[in-house]
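# Observations on the three-dimensional arrangement
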Amino acid sequence: MRRKVTKAIFPVAGLGTRFLPATKSIPKEILSLVDRPLIQYAIDEAREAGIKEFIFVTSRGKGALEDYFDGAPQLEQSLRKKKKTDLLAELKQSTMDSGEIAYVRQREALGLGHAVWCARRLIANEPFAVILPDDVIAAEKPCLKQMVEAYEDTGGCMVAAMEVPESKASAYGLLDVAEDMGSLLKINGMVEKPEPEDAPSNLAVIGRYILTPDVLRNVSTLKKGAGGEIQLTDAIAMEIENGSDVYGYRFDGQRYDCGSKSGFLQATIAFALDRPELRDDLMDFMIDTVAMQKAAQ
Ligand code: UTP
């Protein structure tokens, strides 16, 4: 019987420079789409995929993230008094039970591979998921759940994959595909942010992974890769060289790159339009604004 994936790592130790000056004092993962922080979407997705242990890799200045998951007794009492049961339920969703969540520190932002490696003792010898909270994926069945179901058949390592325009491909880790089986892709190799002429495909790795503990052992042997960072992609690619199976998974869903301003704004609009109480006002505003912009051109 394959071991179930019950642990997930959330690397949140990056510097978030693309959102400066906001991220000078607010962790990027607390920035909100409408009224829910990015991290809440990531936690909800993990829970729906069967994750029971949530491991955060944090760094200096991320205290607001730890506070976010605590209970808020005064606030809850006040909402209870006012019989605001909807808000109480919302609040409950953001509270983690004692022991459900663990934090490890990454002392220096040396890259995603290094961040994930910082959690190695908590992972021990189990398969685990990695979720990057700035990749927000709107999907009927949550992306990680789709992957966990596929992984039950395949085992090995699995990365979420998505076609990206060729002009943007070099900003991603890209897959060299050995066999395209539809949703599932057997992978021959992976390369992080290659020069356009070296791109093996336009299939990009997106921020959801299911990995074996061997990948963490590989990180220990890695030197700095693309961008002078210790890359998770390189550690996964080593598994292919070691003869293990690595798969890409073409998920169903719409991915928003909330690590970039443009992606974050697009997600904000899309999620707001999904809210019945906001939709009409926002639509009117957008139609007027676009008309004014056009007229001014
Ligand atoms: P990004 O490449 O988006 O970097 O990291 P960043 O620092 O968050 O943001 P920018 O580019 O400066 O604006 C992708 C994910 O990996 C984590 C980040 O927190 C983010 O979730 N990460 C990255 C770490 O935890 N540690 C690192 O050393 C690097």
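A few points on the structure. (Residues numbered from 1 in each chain as written. Predicted model: local features only at pLDDT ≥ 70, side-chain atom pairs only at ≥ 80, totals over all residues. Heavy atoms only, no water.)

Time to look at the site of the ligand. Lining the immediate environment of the ligand, one finds 17 residues, of which Pro 11, Leu 15, Thr 17, Lys 28 and Gln 106 sit closest. Leu 110 is positioned with one of its backbone polar atoms (N or O) 3.2 Å from an oxygen atom of the ligand. Relative to its free-state accessible area of 570 Å², the ligand is covered by the protein chains to the extent of 83%. Here the ligand occupies the largest pocket. Here the residues of the shell around the ligand sort into 8 nonpolar, 5 polar and 4 charged. (Near = heavy atom within 4 Å. Polar contact = N/O pair within 3.5 Å; in protein donor to acceptor, adjacent residues only side chain to side chain. Areas by Shrake-Rupley, 256 points an atom, 1.4 Å probe, with all protein chains shown as cover. 1 Å grid on protein atoms, 1.4 Å probe; cavity = no way out; pocket = protein on both sides within 12 Å on 5 of 7 lines; lining within 4 Å. Sits in = over half its atoms within 2 Å of the grid points. Nonpolar A, V, L, I, M, F, W, Y, C, P; charged D, E, K, R; others polar.)

Bringing the environment of Ala 150 into the picture now. Among the structural elements, Ala 150 can be located in helix α7 (residues 143–154). For Ala 150 and Met 162, which are 12 residues apart along the polypeptide, the C-alpha to C-alpha distance reads 16 Å. With residues up to four places along the chain from it excluded, the contact list for Ala 150 reads Met 158 and Tyr 249. (Helix = DSSP H or I, 4+ residues; strand = E, 2+ residues; numbered from the N terminus. Contact = heavy atoms within 4.5 Å.)

Attention now moves to the environment of Lys 28. In this structure, Lys 28 sits in the loop between β1 (7–11) and β2 (32–33). Among the residues examined, Lys 28 registers a relative accessible area of 11% and is labelled buried. Beyond its immediate sequence surroundings of up to four residues, Lys 28 is in contact with Gly 16, Phe 19, Thr 23, Leu 38, Lys 62, Asp 134 and Gly 259. (Buried < 20%, exposed > 50% of the residue type's maximum accessible area, 1.4 Å probe, protein only.)

Bringing helix α9 (residues 232–241) into the picture now. For α9, a buried count of 7 out of 10 residues is recorded, marking the element as mostly surrounded by other parts of the structure. Looking at the buried positions of α9, the neighbouring elements they touch are α5 (112–117), β8 (157–163), β10 (184–192), β11 (203–211), α8 (213–221) and β12 (246–250). Gly 243 sits one or two residues past α9 and shows a positive phi near 90°.

Interpretation note: all reported values are geometric properties and have no functional meaning in isolation.
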